[in-house]
Amino acid sequence: MSQEPRDGTHHALVVDDDALILMEATDILEDAGFEVLEAMNVAQALQVLDKNHDRVQLLFTDVHMPGDADGFALARQVSERWPHIAVVVASGQAEPGPGDLPDGATFIAKPFSAEIVRHHVRRTLPDEKHPQPLRSGNGARS
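Everything numeric in this text was worked out from a predicted model, so none of it was measured.

## A short note on the sheet that holds strand β4 (residues 86-91)
Strand order in the open sheet formed by five strands is β2-β1-β3-β4-β5, with parallel pairing between adjacent strands. If you trace the sheet from one side to the other, it starts and ends with β2 (34-39) and β5 (106-109), each paired once. The average angle at which neighbouring strand axes cross in this sheet is 20°, direction not considered. Sitting on the sheet, helix α2 (residues 42-52) is in contact with β1 (10-15), β2 and β3 (56-62), with an inclination near 135° to β2. Those strands touched by helix α4 (residues 114-124) are β2, β3, β4 and β5, and its axis lies near 175° from that of β5.

## Observations concerning the packing of aromatic side chains
All told, the structure shown has one aromatic pair when counted by the stated rule. Ring geometry for Phe60 against Phe112: centres 5.5 Å apart, planes inclined by 85°, an arrangement best described as edge-to-face. Pair noted here: Phe60 is in strand β3 and Phe112 is in the loop between β5 and α4, with a separation of 52 residues, a long-range link. For Phe60, a relative accessible area of 4% corresponds to the buried category.

## Some thoughts on the pairing of β1
Along β1, six of the six residues are buried, which leaves the element largely enclosed by surrounding structure. Taking every second residue as pointing to the same face, both faces of β1 are buried, with His10, Ala12 and Val14 on one and His11, Leu13 and Val15 on the other. As judged from the six bridges shared by β1 and β2, these two strands associate in the parallel manner. Following the sheet pairing, His10 is matched in β2 by Phe34. Taken together, the five bridges between β1 and β3 define a ladder with parallel strand orientation. Looking at β3, one finds that Val15 is bridged to Thr61.

Here is what the cut-offs are and how they apply
Residues numbered from 1 in each chain as written. Predicted model: local features only at pLDDT ≥ 70, side-chain atom pairs only at ≥ 80, totals over all residues. Heavy atoms only, no water. Pairing = 2+ DSSP bridges. Helix = DSSP H or I, 4+ residues; strand = E, 2+ residues; numbered from the N terminus. Axes fitted to C-alpha atoms, helices over the stretch in contact; angles between N-to-C directions. Contact = heavy atoms within 4.5 Å. Phe/Tyr/Trp six-rings, centres within 6.5 Å; stacked < 30°, edge-to-face > 60°. Buried < 20%, exposed > 50% of the residue type's maximum accessible area, 1.4 Å probe, protein only.

Right, dumping it as C-alpha cells:
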C-alpha cells in the first residue's frame, strides 16, 4: 500500500477524451496541489498506471470514452489492481448503477465546478493523502 509520497508530491491521473474537460480537470487538480498525469482513454490510462501506479494517489475519470472499456470499468480495474488509488468518476451522460463503482469511489455529475471537485477529492482521499492546498482549504469550502 502507498503512504505519503516520499518526495511530498501528490499525483493524480485525469482521464477524459474531451480535451477541454481534460484541461479543466487538470487545472482544478493542479490548483489543489496535485501533479497531474493525463490520458484520453482507458488503454492510455492503464499504460500510464503500469508505469506510475506507485506515485498516483487519485484517478479522476470520465465514463464515456472511445475504446472497448468505459470509465466505470477503469475505476473497477484500478481499485482491484491498485487499491491505494482513490477513484472519482465524472459523467454528464451516465449515472452509476449497481456494481458500476468500486467501494469507496465517488461519482460527480458534469458539468462540475472546482469547488465540487475539491469537495469530492477531500471526501474520497484519506486525510494523509491530501496535498497541502486541500489540507489548508485553499479558500474552498467542503
